[in-house]
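Single-letter residue listing:
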Amino acid sequence: MSLLLNEHQIGFNTMKVGFPNLGDCMALALATIGGLYGFHVMPKQATRSAEFTRFFGDSLKTGVCLFGTCYRARRYGTQDRAKALMDWKNEMDDIAQRIKFTGQVCGFDTGHKTGINNTEATYVEYRFVTGGSATIHYKRMRKMVINANWNGSFADDGIAAEIGMNTAEMNRRGKLGLPFEERFLADTRARKGLSTTANIKQTRSNKGEMHKVKLSKIDSFGTVYS
């Protein structure tokens, strides 16, 4: 089963983490030796990645590669590819510092030579690769069907929560003595719900497959923090 994360949501899955309706948002994922930790990051909200660390704690120490995929021209407001690349690197660099990650950083620009224009939303999915990596896949959102019904439970291979929403409610739950992660989970279930499946719309010209990003199309760099 894959796990789909909406805006502000974070989660873990041993197989797949998907991100529906990406416009200006970033599909952020940390590949560890045991699976994928994902965070659907809204624009100018990288500071919330600190909560990402607070929620998952020591589990992130096994991180091998940090992924960040987005439509860079939209997220950074520039058609200059070189500047957009630098802006992406700076944001990923900042996130890496906040979660104290020191490995490789990778990402893909969904707006470069994909045929997707800046008014379209995109679905991005990371698929876990044994050893702590992932492959990147994408599709136009209008060609996807998302199951928005969540039955209130997950298999042992997944968990999800929501960051940065309804702070007053989270604080109230804190006063009741609930652990931090339970404040997240309760808030998520009450507000947006969660999705667990993403299917491709079948057409004559559609083979029913997502586009897999070639290694040559992925930008990467290494962090240097201790």
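Residues numbered from 1 in each chain as written. Predicted model: local features only at pLDDT ≥ 70, side-chain atom pairs only at ≥ 80, totals over all residues. Heavy atoms only, no water.

Draft legend 1. Structural context of the pattern of salt bridges. Enumeration over the complete set of coordinates arrives at eight salt bridges. The closest approach of N and O atoms between Arg72 and Asp219, which form a salt bridge, is 2.8 Å. Taken together, the residues span a long stretch of sequence, with Arg72 in helix H2 (residues 72-76) and Asp219 in strand S14 (residues 219-222) at a distance of 147 residues. Its salt-bridge partner being Arg142, residue Glu120 comes within 3.0 Å of it at the nearest N-O pair. Here Arg142 lies in the loop between strand S9 (133-140) and strand S10 (144-147) and Glu120 lies in the loop between strand S7 (104-107) and strand S8 (122-129), a separation of 22 residues in the sequence. (Salt bridge = Lys/Arg side-chain N within 4 Å of Asp/Glu carboxyl O. Helix = DSSP H or I, 4+ residues; strand = E, 2+ residues; numbered from the N terminus.)

Draft legend 2. Local environment of the confidence of the model for the chain. Here the chain averages 80 in pLDDT, while 72% of its residues score no lower than 70. Contacts for the low-pLDDT stretch residues 150-157, under 50 throughout, to residues beyond four places or in other chains number 13 contacts. Here residues 186-192 scores under 50 on pLDDT; set against residues more than four positions off or in separate chains, the count is 18 contacts. (pLDDT = per-residue confidence, 0-100. Contact = heavy atoms within 4.5 Å.)

Draft legend 3. Local environment of the pairing of S8. The pairing of strand S3 (residues 16-22) with S8 spans five bridges and is classified as antiparallel. The residue bridging Phe19 from the neighbouring strand is Val124, located in S8. Pairing analysis gives eight bridges linking S8 to S9, with the strands arranged antiparallel. Of the residues in S9, the one forming a bridge with Glu125 is His137. Between the antiparallel neighbours S8 and S9 lie three residues, among them Gly131 with a positive phi of about 110 degrees. (Pairing = 2+ DSSP bridges.)

Draft legend 4. Representation of unusual backbone geometry in the model. Located in the positive-phi region is Asn21, a residue other than glycine, with phi close to 55 degrees. Within the secondary structure, Asn21 sits in strand S3. Owing to a relative accessible area of 44%, Asn21 belongs among the partly exposed residues under this scheme. Despite not being glycine, Lys113 has its phi angle at roughly 55 degrees, a positive value. Looking at Lys113, the relative accessible area reads 71%, which means it is exposed. (Buried < 20%, exposed > 50% of the residue type's maximum accessible area, 1.4 Å probe, protein only.)

Draft legend 5. Just the environment of Arg98, in detail. Tracing the backbone shows Arg98 in helix H3 (residues 81-98). Overall, Arg98 belongs to the partly exposed group, its relative accessible area being 33%. Here the side chain of Arg98 touches Asp94 through a polar contact of 2.9 Å, side chain to side chain. (Polar contact = N/O pair within 3.5 Å; in protein donor to acceptor, adjacent residues only side chain to side chain.)

Draft legend 6. Summary view of a positive patch on the surface. A surface patch of positive charge is lined by Arg81, Lys113, Lys214 and Lys217. Along the chain, the position of Arg81 falls in helix H3. The class of Arg81 is partly exposed, set by a relative accessible area of 47%. (Patch = residues over 30% accessible without salt bridge, like charges linked within 9 Å, V, L, I, M, F, W, Y side chains within 5 Å. Areas by Shrake-Rupley, 256 points an atom, 1.4 Å probe, with all protein chains shown as cover. Lys, Arg positive; Asp, Glu negative; His and termini not counted. Charge placed at Lys NZ, Arg CZ, Asp CG, Glu CD.)

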